[in-house]
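Overview (structure and organization)
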Amino acid sequence: MTQSLRVVIATPLSDENVALLRRLEPRLEIVHRPELMAPATADWMVRLDRDAAQEKEYDDYLDSGEAFFGVPDQSGTALNAAIERNPGLRWVHTIPAGGGAQIKAAKLDEATLERLTFTTSAGVHAQPLAEFALFGVLAGTKQLGRLRAAQSRHEWTGREAMRLNSETTVAVVGLGSIGRRTAELLAGLGMTVIGVHRREVDAPGVSRIEPVENLAAVLAEVDAVVLALPGTEQTSGMLSRAALDAARPGLIVVNVGRGTTVDEPALIDHLGEGGNVGAAVLDVTAIEPLPASSPLWDLENVVIAPHTAAINENEPRLITELFAENARRLLDGEPLLNVVNTHEFY
C-alpha cells in the first residue's frame, strides 16, 4: 500500500472533473495547470501552441508527477521526453481506449516499459461506439447512401426493397468491450451475430465465435461486418483484399476500431461497380485526417465520420471515474484495470 500519489493532469480536463477526482480519491495529490493546456472540450486531441517559456513551464510541471492523467499533448514523442526527464514517474493513463498506440509511438526501451505501468480508457467508449456501429449497419441495410444521393438530385426514385433486421447476419470482428456491446445491440434488434476473435470469450448475443484465420470464410456468409479492433501489428490490414474478394456481394463494412485494420485501396476498389462492398460507414481511416484527395470522400455509398463516434458529454467524467478507481487500486496494492500489453501494445 502507498499513502499518497502525486498526479499531474497532463491533458485538458475541466475543473469540475478535477474536483470529482479529488472527491473520489482523497489520497491523491493532484497538480493541475489548465493554463498550460488547451481548453477542456469534447476533443482531447487539441494542443495549445505554447511559446518557449510556456513549454519550459509545461515540462517542469510534468516532471513533478508520479502519475499522468493522459499522455502529454497526446503525443508519443512528448511522452518519451517526459519519461526520460522524470525517473519518479510510475503510471501513465491514456485517454483513448486504444491508447497502446500512443505508448508504441513513444518508442520506449524495454527497461522503461518494464518500469512503468500504462493503462487505457477501454470500456468507457463501448456504448457510443456500439451505437455508431449499429447506425452504420442500419445505414447500409436501409440504403442511406442511395437515399441521400437521390435527395441531393431532388429525384423521387423507384421503390426498392430494404433488408429486414431479422434477415441480416453481421460479423463483429474483435470482441473487446466495444465489440461485445455492439453484438448485444445488433442481436437485440433481431440480427444474427457471428463473432470473430482470437479466443473464446463470453459475448451475449453472439451465435458463435470464429478464429480470425476464418475471416474470409465468415465474410462469405454475412451481410455486414463491424470492425472493432485495436491498431496493432497483428491486426494491420486484417480486412484484406483476399478477405473482401471472398465476401458476399453487397457487404456492408463498418469500422469503429482503427483505420489501419483495413486494406483501404482494396476497400475502395470493392466499393466500385462490380465490387463486393455495397456500403461503408467509417469512423476511422488509414490516414487521419483523411486526405482531400481520397476517393472515399466522393463515393455515394460511403459515410465518413472524422473519428468522432466515441465523443459524448459523459466521456470525461467516465474517464475520470475510471482513473480514480485505478488510483485507488494502485494505492491499495491491487491489480489495475486495462493494463497495456507492452509487447503487442494492446
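Residues numbered from 1 in each chain as written. Predicted model: local features only at pLDDT ≥ 70, side-chain atom pairs only at ≥ 80, totals over all residues. Heavy atoms only, no water.

Turning our eyes to something else, we now look at helix α6 (residues 126-141). Here α6 is 16 residues long and its end C-alpha atoms lie 22 Å apart, about the 22 Å a rise of 1.5 Å per residue gives. Of all 16 residues in α6, twelve are buried; the element is thus mostly enclosed. Along α6, the residues that are buried comprise A126, P128, L129, A130, F132, A133, L134, G136, V137, A139, G140 and T141. Buried residues in α6 make contact with α7 (144-152), β6 (169-173), α8 (177-188), β9 (224-227), β10 (251-255) and β11 (277-282). Looking one or two residues past α6, Q143 carries a phi angle of roughly 60 degrees, positive in sign. (Helix = DSSP H or I, 4+ residues; strand = E, 2+ residues; numbered from the N terminus. Expected span 1.5 Å × (residues − 1). Buried < 20%, exposed > 50% of the residue type's maximum accessible area, 1.4 Å probe, protein only. Contact = heavy atoms within 4.5 Å.)

Strand order in this open sheet of seven strands is β8-β7-β6-β9-β10-β11-β12, and the pairing throughout is parallel. Both edges of this open sheet fall to β8 (206-210) and β12 (302-304), since each of them pairs with a single strand only. Averaged over all adjacent pairs, the angle separating strand axes in this sheet is 15 degrees, with direction ignored. Pairing of strand β7 (residues 192-196) with β8, which is carried by four bridges, proceeds in the parallel orientation. Of the residues in β8, the one forming a bridge with I194 is R208. Of the strands in this sheet, β6, β9, β10 and β11 touch α6, which is tilted by about 155 degrees from β10. Sitting on the sheet, α8 is in contact with β6, β7, β8 and β9, with an inclination near 170 degrees to β6. (Pairing = 2+ DSSP bridges. Axes fitted to C-alpha atoms, helices over the stretch in contact; angles between N-to-C directions.)

What follows concerns the environment of V196. Inspection of the secondary structure assignment puts V196 in strand β7. Along the backbone, V196 and R208 are twelve residues apart, and their C-alpha atoms lie at a distance of 8.5 Å. Ignoring sequence-local partners within four residues, the contact set of V196 consists of V172, V173, G174, L175, E210, P211, V212, L215 and V218.

Here we take up the pairing of β7. By the criterion of burial, β7 is predominantly enclosed, with four of the five residues buried. Relative to β7, β6 is paired through five bridges, and the arrangement is parallel. Of the residues in β7, the one forming a bridge with A171 is I194. Once you follow β6 into α8 and on to β7, the crossover reads as right-handed. (Right-handed = clockwise from strand over helix to strand, strands pointing away.)

The next subject is the domain arrangement of the protein. As assigned here, the protein comprises domain 1 (5-120 + 313-332) and domain 2 (125-304). The gap between the C-alpha centroids of domain 1 and domain 2 is 33 Å. (Domains from an automatic or database assignment.)

Per the UniProt record, "domain: D-isomer specific 2-hydroxyacid dehydrogenase NAD-binding" (unreviewed entry) is annotated on residues 137-309. Structurally, residues 137-309 is divided into 25% helix and 19% strand, and its ends, taken at the C-alpha atoms, are 14 Å apart. (UniProt positions renumbered as here; feature names shortened; annotations may be inferred.)

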